[in-house]
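A look at the structure
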Amino acid sequence: MNQIWNSERYAENARFVSDLGMPVVEWLDPKAGERILDLGCGDGALTLKLQELGCEVVGVDASADFVDAARSLGLEAHLIDAHQLNFIGEFDAVFSNAALHWMKQPDRVIQGVWQALKPGGRFVAEFGGDRNVVTIVTALHAALQQRGIDPDQINPWYFPMVKDYQFRLEAQGFIVNRIALIPRPTPLPTGIRGWLATFADPFTQAISPSEREGFLNEVIARLQPDLCDDSGQWFADYVRLRFAASKLF
Ligand code: BEZ
């Protein structure tokens, strides 16, 4: 079961993902004229920002809808799964925001990034780290288990610990200059229903269509005490893993 990306739904429910991406852009420290690969570029909002800073940016994403959305902003974007990168030594930096946690074979991704970079190139990214959205994951898993479905076969996300991802980067040959796990509780502009509608397809698709509404209502009821405040504002318990690494040779 796959996540189905819809750029309009994403813009409505998840614009905060790119809006909150500036700290990782600061870690990237992009310079005008640099050639940068945006890995999992989504609808291109941050890719555009890099281009506006004077970089020559190429976006790649595994969703055709996102690639179309990025191209409609005038960006160069290609439909490529990040597990199958085939660029050789052409980028000064590889950048990624909120995408690596969808890539469940991290060593293949890291190897492709390494190959894509010039000597001296940087790999700078932010994604979900250990215990990211753990309250949401726990509720989704419990509601699936109650229906006799094994959630581990369904869960599409990879949220590693710092030492796990650092080990993988260093095993490839990267020097890790900075790496941190950053809790970031995040207000949800369209509530938890909008978040689940945007990001939780693999879980909801495991449920027959006639039972999906009941499934979602149960998940939301489980989450309300922890993620919704007295005024009705929902939050997601995001934890970001942010790093900056270099390929020295
Ligand atoms: C995240 O950005 O951390 C995230 C987004 C959607 C699903 C899971 C995690």
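Scroll up for the structure.
Below, the structure is looked at part by part. No experiment lies behind these values; they were computed from the predicted model shown.

Criteria and cut-off values
- Residues numbered from 1 in each chain as written.
- Predicted model: local features only at pLDDT ≥ 70, side-chain atom pairs only at ≥ 80, totals over all residues.
- Heavy atoms only, no water.
- Near = heavy atom within 4 Å.
- Polar contact = N/O pair within 3.5 Å; in protein donor to acceptor, adjacent residues only side chain to side chain.
- Areas by Shrake-Rupley, 256 points an atom, 1.4 Å probe, with all protein chains shown as cover.
- 1 Å grid on protein atoms, 1.4 Å probe; cavity = no way out; pocket = protein on both sides within 12 Å on 5 of 7 lines; lining within 4 Å.
- Sits in = over half its atoms within 2 Å of the grid points.
- Helix = DSSP H or I, 4+ residues; strand = E, 2+ residues; numbered from the N terminus.
- Nonpolar A, V, L, I, M, F, W, Y, C, P; charged D, E, K, R; others polar.
- Points joined across faces, edges and corners; volume = space filled by probe spheres on them.
- Pairing = 2+ DSSP bridges.
- Axes fitted to C-alpha atoms, helices over the stretch in contact; angles between N-to-C directions.
- Buried < 20%, exposed > 50% of the residue type's maximum accessible area, 1.4 Å probe, protein only.
- Right-handed = clockwise from strand over helix to strand, strands pointing away.
- Left-handed = near helix turned anticlockwise from the far one by under 90°.
- Contact = heavy atoms within 4.5 Å.

Regarding the site of the ligand
The immediate surroundings of the ligand are formed by His 101, Trp 102, Asn 132, Trp 157, Phe 159, Trp 195, Phe 199, Tyr 238 and Arg 240. At 2.7 Å from an oxygen atom of the ligand is found a side-chain nitrogen or oxygen belonging to Asn 132. In the environment of the ligand, an oxygen atom lies 2.7 Å from a nitrogen or oxygen atom belonging to the side chain of Arg 240. If the ligand stood free it would expose 260 Å²; the protein chains cover 98% of that surface. Applying the majority rule of atoms within 2 Å of the grid points places the ligand in the largest pocket. Within the residue set of the shell around the ligand, elements represented by two or more residues are helix H9 (191–199) and strand E7 (235–246). Taken together, the residues that form the shell around the ligand break down as six nonpolar, two polar and one charged.

Here we look at the layout of surface pockets
Of the pockets and cavities examined, the largest pocket occupies roughly 880 Å³. Taken together, 42 residues form the lining of the largest pocket, with Trp 5, Asp 61, Ala 98, Ala 99 and Trp 102 sitting closest to its centre. Broken down by secondary-structure element, the contributors of at least two residues to the lining of the largest pocket are helix H2 (16–19), helix H4 (45–52), H9 and E7. Considering only residue class, the lining of the largest pocket consists of 23 nonpolar, eleven polar and eight charged.

Re the sheet that holds strand E3 (residues 76–79)
Taken in spatial order, the seven strands make up an open sheet running E3-E2-E1-E4-E5-E7-E6, and their pairing is mixed. The two strands at the open ends of the sheet, each matched to only one other strand, are E3 and strand E6 (175–187). Sheet twist, expressed as the average angle between the axes of neighbouring strands with direction ignored, equals 15°. The pairing of strand E5 (residues 117–128) with E7 spans seven bridges and is classified as antiparallel. Residue pairing across strands places Glu 126 opposite Arg 242, the latter belonging to E7.

Comments concerning the pairing of strand E2 (residues 56–61)
The buried count for E2 comes to five of six residues, which makes it a mostly enclosed element. Relative to E2, strand E1 (residues 35–39) runs parallel, the two sharing five bridges. Of the residues in E2, the one forming a bridge with Asp 38 is Gly 59. You can see the chain leave E1, run along H4 and come back into E2, and the turn it takes is right-handed. Relative to E3, E2 runs parallel, the two being bridged by four bridges. Residue pairing across strands places Val 60 opposite His 78, the latter belonging to E3. Read as a crossover between parallel neighbours, the route from E2 over helix H5 (residues 64–72) to E3 is right-handed.

Details of the packing of helix H7 (residues 134–145) against helix H11 (residues 212–227)
Taken N-terminus to C-terminus, the directions of H7 and H11 make an angle of 145°; their axes are 9 Å apart at the nearest point. Pair H7 / H11 crosses with right-handed handedness. Contacts from Thr 135, Ile 136, Ala 139, Leu 140, Ala 142, Ala 143 and Leu 144 of H7 reach H11 at Phe 215, Glu 218, Val 219, Arg 222, Leu 223, Asp 226 and Leu 227. Its residues placed into classes, the contact of H7 with H11 shows ten nonpolar, one polar and three charged.

Some thoughts on the environment of Pro 156
Among the secondary structure elements, Pro 156 is positioned in the loop between H7 and helix H8 (162–172). Considered as a pair, Pro 156 and Phe 199 are 43 residues apart in the sequence and their alpha carbons are 10 Å apart. Each residue touching Pro 156, except ones within four places of it in the same chain, is listed here: His 101, Trp 102, Lys 104, Pro 202 and Phe 203.

Quick notes on unusual backbone geometry
A positive phi angle, close to 50°, is found at Asp 29, a residue other than glycine. Turning to its location among the elements, Asp 29 is positioned in the loop between helix H3 (22–28) and E1. With phi around 55°, Ala 98 is a residue other than glycine that occupies positive phi space. Topologically, Ala 98 is positioned in the loop between strand E4 (91–97) and helix H6 (106–116).

Details of the environment of Cys 228
Its location among the elements puts Cys 228 in the loop between H11 and E7. Once the C-alpha coordinates of Cys 228 and Leu 85 are considered, the two residues, 143 residues apart in sequence, prove to be 40 Å apart. Those residues in contact with Cys 228 that lie beyond four places of it in its chain are Leu 223, Gln 233 and Trp 234.

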